[in-house]
Amino acid sequence: MGTDEHVCPACGQPVATVVRRYKTLGAWVPRWVAGPCWNPKCEAYAGEAEYVPRDQPEEPAPTEKS
């Protein structure tokens, strides 16, 4: 495993490294890949819709009241 920093292929700005996983021979194996680009001037900009903070709990869906 290297310590290479990932960059956006569109603008060349450094991006975060995220962990994805894949299953091989019945075991989940981690794979470190480039995360989304957060540069608003970039054509590959992830935008606000794709950002989901992990440290905040999800709010429950509203329920209908009769």
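Residues numbered from 1 in each chain as written. Predicted model: local features only at pLDDT ≥ 70, side-chain atom pairs only at ≥ 80, totals over all residues. Heavy atoms only, no water.

**With respect to the overall build of the chain**
Assigned secondary structure in the chain consists of zero helices and two strands. Split into buried and exposed, the 66 residues of the chain put 11% on the buried side. For the chain, restricting intrachain contacts to residue pairs at least 6 apart in sequence, the fraction spanning at least 24 positions comes to 23%. Roughly 6,300 Å² of accessible area belongs to the chain as shown, and the carbon and sulfur atoms make up 51% of that amount. (Helix = DSSP H or I, 4+ residues; strand = E, 2+ residues; numbered from the N terminus. Buried < 20%, exposed > 50% of the residue type's maximum accessible area, 1.4 Å probe, protein only. Contact = heavy atoms within 4.5 Å. Areas by Shrake-Rupley, 256 points an atom, 1.4 Å probe, with all protein chains shown as cover.)

**Concerning the state of the cysteines**
Under the counting rule described, the total for this entry stands at zero disulfides. No disulfide involves Cys11; its nearest neighbouring cysteine sulfur is the one of Cys42, lying 3.7 Å away. Judged by its relative accessible area of 31%, Cys11 falls in the partly exposed class. (Disulfide = S-S within 2.5 Å.)

**Comments concerning the pairing of strand 1 (residues 17-24)**
In this sheet, strand 2 (residues 27-34) lies alongside strand 1 in antiparallel orientation, the contact comprising eight bridges. Residue pairing in the sheet places Lys23 in a bridge with Trp28 of strand 2. The hairpin formed by strand 1 and strand 2 contains two residues between the paired strands, and Leu25 there has a positive phi angle of roughly 55°. (Pairing = 2+ DSSP bridges.)

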